[in-house]
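Reading the structure
Chain residues, written in single-letter form:
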Amino acid sequence: MECRQKMHRIPRDHPRYESLRIRQRMVDGSARGLAVREGLLAHGRGEAFDYLLGERTVPEARAASRAAAALLLLAKRPVLSVNGNVASLVPREMVRLARAVPGAAIEVNLFHRTEGRARRIAAELENAARRPGRKGRASRSTIRIFGDRPDARLPNLSSQRAKCHREGMFSADVVLVPLEDGDRAGALKRAGKKVIAIDLNPLSRTARLADVTVVDNIVRALPEIVRQVRLLRRASRARLEKIAGGFDNTANLGRTLGRIVSGLRKLSGKRRP
Ligand code: PTJ
């Protein structure tokens, strides 16, 4: 409650209004027991990279979102992973993406795992799925949400992130892993899965290991991926394969870093040597 009062004191014309509003969602999510306190720190790291990228969707992120959409549409068993930060920031957008991708399931996967928090996050997603859409209609399509009581383990992974669902992440062929600079992307790759990351840090291990990394704030990245999925939904398999296969993650991350570096050069008044 106190958090909300603070938010009301931020004037709409505050130059940092949007960033403060997003931050507030994280604070609320933490107060409601969705995100852990470590999640607030992780959010701060993301904010710093967002600042360096101009807090906008850069062309490289748009290209990655298109490749991500193609990979999701090609998948036989796509799974969208949700942690505490994702549930605090974008529960409705996650549900929208799960509805847009045929056969997609959502799975709660936590680094600081407790079954109570996994249940709360699953309930938050179920609530988001029940709320009426933009046109005021409640959607009738149901989505599968795997929450607490995992019944499998990802091999070669000692952290809590290994705990997963046999029918979900364990048997997925494409997994979306937003907001983690961690160990799981490598384990998923070793298990033969395609990995899509959303991570504002283009230097993170996850960003570098993934097949496709969208370097953008998740609050902008998810709506863009949904938009691309809707655009590509009727595309042929050959076209989707061309888009996904033609995407070079390392080169795209290099271009994103180049954008940060040249932005800093410009600000510091220094030209390229
Ligand atoms: O809910 P849990 O227990 O699974 O814990 C979640 C956190 C986020 C605490 C856990 O996954 C973690 O420790 O993550 P890291 O290792 O700090 O990595 C988070 C990554 O997400 C960092 O590279 C950040 O730059 C990035 N990030 C943070 N906020 C955003 C973001 N990327 C996109 N959009 C954001 N809003």
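Residues numbered from 1 in each chain as written. Predicted model: local features only at pLDDT ≥ 70, side-chain atom pairs only at ≥ 80, totals over all residues. Heavy atoms only, no water.

**Side note on helix H10 (residues 218–232)**
Compared with an ideal rise of 1.5 Å per residue, which puts 15 residues at 21 Å, H10 spans 20 Å between its outermost C-alpha atoms and is within 8% of the ideal. What H10 keeps buried is the set Ile218, Val219, Ala221, Leu222, Glu224, Ile225, Val226, Gln228, Val229 and Leu232. (Helix = DSSP H or I, 4+ residues; strand = E, 2+ residues; numbered from the N terminus. Expected span 1.5 Å × (residues − 1). Buried < 20%, exposed > 50% of the residue type's maximum accessible area, 1.4 Å probe, protein only.)

**With respect to the sheet that holds strand S2 (residues 105–108)**
If you walk across this open sheet you meet the six strands as S3-S2-S1-S6-S7-S8, and the pairing is parallel. Each of the sheet's edge strands pairs with one partner strand only, and the pair in question is strand S3 (144–146) and strand S8 (212–214). Shown here is a sheet whose adjacent strand axes are inclined to one another by a mean of 20 degrees, direction ignored. Pairing between S2 and S3: three bridges, direction parallel. Across the sheet, the residue bridging to Ile106 is Ile145, located in S3. Its contacts with the sheet put helix H6 (residues 91–100) on strand S1 (78–82), S2 and strand S6 (174–178), and the angle it makes with S1 is roughly 175 degrees. (Pairing = 2+ DSSP bridges. Axes fitted to C-alpha atoms, helices over the stretch in contact; angles between N-to-C directions. Contact = heavy atoms within 4.5 Å.)

**A few points about the environment of Arg190**
Counting through the fold element by element, Arg190 comes out in helix H8 (residues 184–190). C-alpha of Arg190 to C-alpha of Pro155: the two residues are 35 residues apart in sequence and 8.6 Å apart in space. Reaching out from Arg190, the side chain makes a polar contact with the backbone oxygen of Asn156 at a distance of 3.3 Å. (Polar contact = N/O pair within 3.5 Å; in protein donor to acceptor, adjacent residues only side chain to side chain.)

**As for the packing of aromatic side chains**
Tallied over the full model, the rule gives zero aromatic pairs. For the cation-ring pair, Arg166 lies above Phe170, with the distance from its terminal atom to the ring centre recorded as 4.6 Å. (Phe/Tyr/Trp six-rings, centres within 6.5 Å; stacked < 30°, edge-to-face > 60°. Lys NZ or Arg CZ within 6 Å of the ring centre and 35° of its normal.)

**Some words on the site of the ligand**
Surrounding the ligand, one finds 24 residues, the nearest of these being Phe111, His112, Arg117, Arg161 and Asp199. Note that an oxygen atom of the ligand is positioned 2.6 Å from one of the side-chain N or O atoms of Arg117. The fraction of the free accessible surface of the ligand (740 Å²) that becomes covered by protein chains is 95%. The element contributing the most residues to the shell around the ligand is helix H3 (residues 37–52), with six residues. Tallied by class, residues from the shell around the ligand come to seven nonpolar, nine polar and eight charged. (Near = heavy atom within 4 Å. Areas by Shrake-Rupley, 256 points an atom, 1.4 Å probe, with all protein chains shown as cover. Nonpolar A, V, L, I, M, F, W, Y, C, P; charged D, E, K, R; others polar.)

**Description of the side chain of Asn249**
Counting through the fold element by element, Asn249 comes out in helix H12 (residues 249–268). Owing to a relative accessible area of 7%, Asn249 belongs among the buried residues under this scheme. For Asn249, the contacting residues outside a window of four places in its chain are Ala207, Ala210, Asp211, Val212 and Thr213.

**Topic: the nonpolar core**
Of all hydrophobic cores here, the largest spans 66 residues; its most connected members are Met94, Leu97 and Ile106. By residue number, the principal contributor to this core is helix H4 (residues 59–74), which donates ten residues. With residues near it in sequence (within four places) discarded, Met94 still touches Leu80, Ser81, Val82, Val86, Ile106, Leu125, Leu176, Pro178 and Leu222. (Core = buried A, V, L, I, M, F, W, Y, C linked by side-chain atoms within 4.5 Å.)

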